[in-house]
Amino acid sequence: MTTRARPARTVLLGTAALFLGLAAPGIAEDKPKDHADGPAAAYEPSMTTLGQIKVEIPGFKPDDPVMTQEEFQTAATLYFERCAGCHGVLRKGATGKPLTTDITRENGYDYLTSFITYGSPAGMPNWGTSGQMTEEEVGMMARYLLLEPPAPPEWGMPEMLASWKVVVKPEDRPKEKMNDIDIDNLMSVTLRDAGQVALIDGGTYEIRAVIDTGYAVHISRISASGRYLFVIGRDGLVNMIDLWMEKPDTVASIKIGIEARSIETSKFEGWEDKLAIAGAYWPPQYVIMDGDTLEPKKIVSTRGNIYDEQVYHPEPRVASILSSHFKPEFIINVKETGKIIFVDYTDLKNLKTVEIEAERFLHDGGFDSTKRYFLVAANQRGKIAVVDTKEDKLTALVETGGQTPHPGRGANFNHPVYGPVWATSHLGDESVALIGTDPEGHPDQAWKIVDSFYALGGGSLFIKTHPNSTHLYVDAPLNPDAEISGSVAVFDIPSMGGDPNVDPEFTTLPIAEWAGIPEGQPRVVQPEFNKEGTEVWFSVWNGKDQESAIVVVDDKTLELKTVIKDPRLVTPTGKFNVLNTRDDVY
Ligand code: DHE
């Protein structure tokens, strides 16, 4: 463990910005970057499930010389996996440029081939020269782009109902808790590449169950009562797990789309455990389901106009979804159109929604400590949108001053000078920004950046603290430097803010080194507290065929408490403590 003051500031040049398809302003070298592989590459949306769908060449005639149906299928798979995240499924552009045929045909085959081969300083990776695509694949992609894009299938009620399974009917489920697990202290751990979650006892560190879930499983959320755990895979498969069973297991499942990332449940008083909601990247839609059985009740498309240009967008993806504590409403963040939608779930037949113009590329976020305000990163715009969930209004748009804010849920704490603040770290640089969240007690600071200082390095994804902790933890899993991506920065909150010109010092915990894993380049990701807020858990995320681990640190002493290793812990990433996730404690 080392303590050090702020390092010289550097802008993250490497992987993260490019995986996000960013133009990466501030890059000193004016040349394309490799689209490197490894855990960081997994950060760019990859439409892997869409890639498995059978598509046909629009308007293709069998003797057309452009490409065969087989080549078209291979190219489409490659496109969905590697290109759709930035250029859009329908090639209308997202963070990357549009690749519609009016543009690609104007540019022609040779131009496209060299563009794909060499990349561009504006952020297009050099797929050819980096060895990520063979010459043959580059040629095939160029020809593919000259053809109209295939439209992947929709996923409506018939498809959902066909995929829906109630494994254990509500009446056949336990009437009381049948196990000795301290459910509030259970951790649901994403085993990303295994397509499973591990339920780990927060007191004994014992793995109580490993449950099969969707492909490249993404996040877990918990019902308001704490009984049901909801998990979503990138393939849109939702698993509802009953934590009261002798051995917790799936009691219902449904596939809500072809590509998806978010899931949540109704939390408002009187609506506990009644409904669940999931959001999809493709088709762009959200679905409201019965909270006991996952029966799909209402599917709503998010296709529509971008908030500022008022131009139609065919595939605005659903990013984070939260459940209001102030009203019976879900809060849905729509990426490409930049809208935050409050959905009143009391009357699904006559659905009332409030649509807030926020900012484009909304991604992830969380509540302030009062749970009244929701703060969400429009990460590629460098802003945090703040909405008031009591008034259903936009409160502020705050520029963080850093590149690509990525808060996870963010971190709430009481700053010794500025009072209640919410913090985010950044993907594109090493800065941490604090936003004042107390309009009553600290009106001058409310919804402004009150302080900004440096942590370990760029490539941060998650920042965390707990009401019972005096520490702020900042990870940097996507940093290209193995020492940085394997460590975590810890700030002492009470000693923040003495001299406004001096950045707070931080302690570096060498988590990956503590895990004692000899192989690979494990990345340390997503700090999560136990229910008392006395221990912090870190995933040490290695390659699929390599050893990974969970490292548990004592929050008071910052000393290693234990290392959880098990052959079943394949690529652990997110960890969701039942109590903290249920009550939105962060
Ligand atoms: Fe996530 C949350 C999307 C890659 C781990 N991630 C989220 C949310 C979204 C999102 C929209 C918010 C959900 C919510 O609150 O309802 N994530 C995406 C992507 O589009 C992206 C960039 C690329 C992709 O193709 O999926 C992506 N995410 C990753 C990873 O590579 C991570 C690090 C490892 C993994 O398991 O896949 C990862 N994302 C997480 C975690 C959360 C998350 C752990 C929840 C944080 C929390 O504390 O709640």
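It should be emphasised that the depicted structure is a prediction, and the values quoted were computed from it without experimental measurement.

**Student:** Is there a simple way to think about the sheet that holds strand 18 (residues 339-344) in this case?
**Tutor:** The 4 strands lie next to each other as 16-17-18-19, forming an open sheet whose pairing is antiparallel. With partners counted over all chains shown, the strands left at the sheet margins are strand 16 (318-323) and strand 19 (352-357), one partner each. Sheet twist, expressed as the average angle between the axes of neighbouring strands with direction ignored, equals 20°.

**Student:** Whenever I open this one, the coordination of the iron atom of the ligand confuses me. Can you help?
**Tutor:** The expected angle between donors at a tetrahedral four-coordinate metal is 109.5 degrees. At an octahedral six-coordinate metal it is 90 or 180 degrees. Looking at the iron atom of the ligand, one finds just one donor atom contributed by the protein, His218 (NE2), at 2.2 Å. Looking at the element boundaries, His218 is found in the loop between strand 5 (207-212) and strand 6 (219-222).

**Student:** Mind showing me how you'd approach the packing of helix 4 (residues 101-118) against helix 5 (residues 135-146) here?
**Tutor:** Describing two packed helices takes the angle between their axes plus the distance from one axis to the other. Axis separation between helix 4 and helix 5 bottoms out at 8 Å; the angle between their running directions is 170°. Our classification of the angle between helix 4 and helix 5 gives roughly antiparallel. Across the interface between the two elements, Thr101, Thr104, Arg105, Tyr109, Leu112, Thr113, Ile116 and Thr117 of helix 4 pack against Val138, Gly139, Met141, Ala142, Arg143, Leu145 and Leu146 of helix 5. Among the residues making up the contact of helix 4 with helix 5, the classes are represented as 8 nonpolar, 5 polar and 2 charged.

**Student:** Quick question: what am I supposed to make of the pairing of strand 9 (residues 249-255) here?
**Tutor:** Within a regular strand, the side chains alternate between the two sheet faces. Counting buried residues in strand 9 gives 6 out of 7 residues, a clear majority hidden from the surface. The pairing of strand 2 (residues 165-166) with strand 9 spans 2 bridges and is antiparallel. Residue Val166 lies in a different strand from strand 9, and its bridge partner there is Ala252. Of the pairings in the sheet, the one linking strand 8 (residues 237-242) to strand 9 comprises 6 bridges and is antiparallel in character. What sits directly across from Val238, in strand 9, is Ile254. The hairpin formed by strand 8 and strand 9 contains 6 residues between the paired strands.

**Student:** For this particular structure, what's the right way to read the packing of helix 2 (residues 69-82) against helix 5?
**Tutor:** The geometry of helix 2 relative to helix 5 is characterised by a closest axis approach of 9 Å and an angle of 95° between their N-to-C directions. Accordingly, the angle class assigned to the pair helix 2 and helix 5 is roughly perpendicular. Counting all contacts with helix 2, which are made through Glu71, Phe72, Thr74, Ala75, Ala76, Leu78 and Tyr79, the residues of helix 5 involved are Glu137, Met140, Met141, Arg143, Tyr144 and Leu145. For the contact of helix 2 with helix 5, the residue count by class is 9 nonpolar, 1 polar and 3 charged.

**Student:** Would you take a moment to explain the sheet that holds strand 22 (residues 383-388) for this structure?
**Tutor:** Two strands in a sheet stick together by hydrogen bonds in their backbones, pointing the same way (parallel) or opposite ways (antiparallel). One open sheet accounts for 4 strands, arranged 20-21-22-23; its pairing is antiparallel. Each edge of the open sheet carries a strand with a single partner, namely strand 20 (362-367) and strand 23 (393-399). Pairs of neighbouring strands in the sheet enclose a mean axial angle of 25°, with direction left out of account. Direction of pairing for strand 22 relative to strand 23: antiparallel, over a ladder of 6 bridges. Bridge pairing links Val387 to Leu394 in strand 23.

**Student:** Looking at this structure, how should I read helix 2?
**Tutor:** Think of an α-helix as turning once every 3.6 residues; residues three or four places apart then point the same way. Helix length check: helix 2, at 14 residues, gives a terminal C-alpha distance of 20 Å against a target of 20 Å (1.5 Å per residue), a fit within 8%. Of all the positions in helix 2, only Gln69, Phe72, Gln73, Ala75, Ala76, Thr77, Leu78, Tyr79 and Phe80 are classed as buried. Those residues of helix 2 that are buried lie in contact with helix 3 (84-87) and helix 5.

**Student:** What is the right way to read empty space enclosed by the protein from this model?
**Tutor:** Summary: where empty space remains is shown by rolling a probe the size of a single water molecule over the atoms. Tallied over the entire structure, the rule returns 2 cavities of 30 Å³ or more. Of the voids in this model, the second largest cavity is the one considered here, and its volume is about 30 Å³. At the level of secondary structure, the elements contributing two or more residues to the lining of the second largest cavity comprise strand 6, strand 36 (572-577) and helix 9 (578-582). For the lining of the second largest cavity, the element with the highest residue contribution is strand 6, accounting for 3 residues.

**Student:** What is the right way to read the pairing of strand 5 from this model?
**Tutor:** Where strand 4 (residues 196-201) lies against strand 5, 5 bridges are found, and the strand directions are antiparallel. Paired with Val197 across the two strands is Ile211, which belongs to strand 5. The turn linking strand 4 back onto strand 5 is made up of 5 residues, and Tyr205 within it adopts a positive phi angle of 65°.

**Student:** Just checking my understanding: could you explain the pattern of salt bridges for this structure?
**Tutor:** Side-chain pairs of opposite charge can arise where the charged atoms are in close proximity. With the rule as written, the count across this model stands at 25 salt bridges. In this structure, Glu359 engages Arg381 in a salt bridge whose closest nitrogen and oxygen atoms are separated by 3.1 Å. Within this pair, whereas Glu359 is found in the loop between strand 19 and strand 20, its partner Arg381 is found in the loop between strand 21 (373-378) and strand 22, the two being separated by 22 residues in sequence. Taking relative accessible area as the criterion, Glu359 reaches 3% and is therefore assigned buried. It is possible to trace a salt-bridge network through shared partners that takes in Glu264, Lys267, Arg409 and Asp584.

**Student:** Looking at this model, I keep getting lost on the side chain of Ser431. Mind explaining?
**Tutor:** Within the secondary structure layout, Ser431 lies in strand 26 (residues 431-436). By relative accessible area, which is 2% here, Ser431 ends up buried. Of note is the side chain of Ser431, whose polar atom sits 2.8 Å from the side chain of Asp429.

**Student:** Explain unusual backbone geometry here, please?
**Tutor:** Put simply, Trp282 and Pro283 share a cis peptide bond, and its omega is -15°. Of note in this structure, Tyr205 is not a glycine but carries a positive phi near 65°. A positive phi angle, near 60°, is found at Trp447, a position not held by glycine. Relative to the assigned elements, Trp447 resides in the loop between strand 26 and strand 27 (449-454).

**Student:** Explain the packing of aromatic side chains to me, please; I cannot follow it from the model alone.
**Tutor:** Aromatic rings in a pair are described by how distant their centres are and how their planes are angled relative to each other. What the rule picks out here adds up to 13 aromatic pairs. On the basis of an interplanar angle of 70° and a centroid distance of 6.0 Å, the ring pair of Tyr79 and Phe80 is categorised as edge-to-face. Like Tyr79, the residue Phe80 is buried in the burial classification. Where Trp271 meets Tyr345, the ring centres are 5.4 Å apart and the plane angle is 65°; that geometry is what we call edge-to-face.

Scoring rules and cut-offs
Residues numbered from 1 in each chain as written. Predicted model: local features only at pLDDT ≥ 70, side-chain atom pairs only at ≥ 80, totals over all residues. Heavy atoms only, no water. Pairing = 2+ DSSP bridges. Helix = DSSP H or I, 4+ residues; strand = E, 2+ residues; numbered from the N terminus. Axes fitted to C-alpha atoms, helices over the stretch in contact; angles between N-to-C directions. Donors = N, O, S within 2.8 Å, 3.2 Å for Na, K, Ca; no water. Parallel < 35°, antiparallel > 145°, perpendicular 65-115°, else oblique. Contact = heavy atoms within 4.5 Å. Nonpolar A, V, L, I, M, F, W, Y, C, P; charged D, E, K, R; others polar. Buried < 20%, exposed > 50% of the residue type's maximum accessible area, 1.4 Å probe, protein only. Expected span 1.5 Å × (residues − 1). 1 Å grid on protein atoms, 1.4 Å probe; cavity = no way out; pocket = protein on both sides within 12 Å on 5 of 7 lines; lining within 4 Å. Points joined across faces, edges and corners; volume = space filled by probe spheres on them. Salt bridge = Lys/Arg side-chain N within 4 Å of Asp/Glu carboxyl O. Polar contact = N/O pair within 3.5 Å; in protein donor to acceptor, adjacent residues only side chain to side chain. Phe/Tyr/Trp six-rings, centres within 6.5 Å; stacked < 30°, edge-to-face > 60°.

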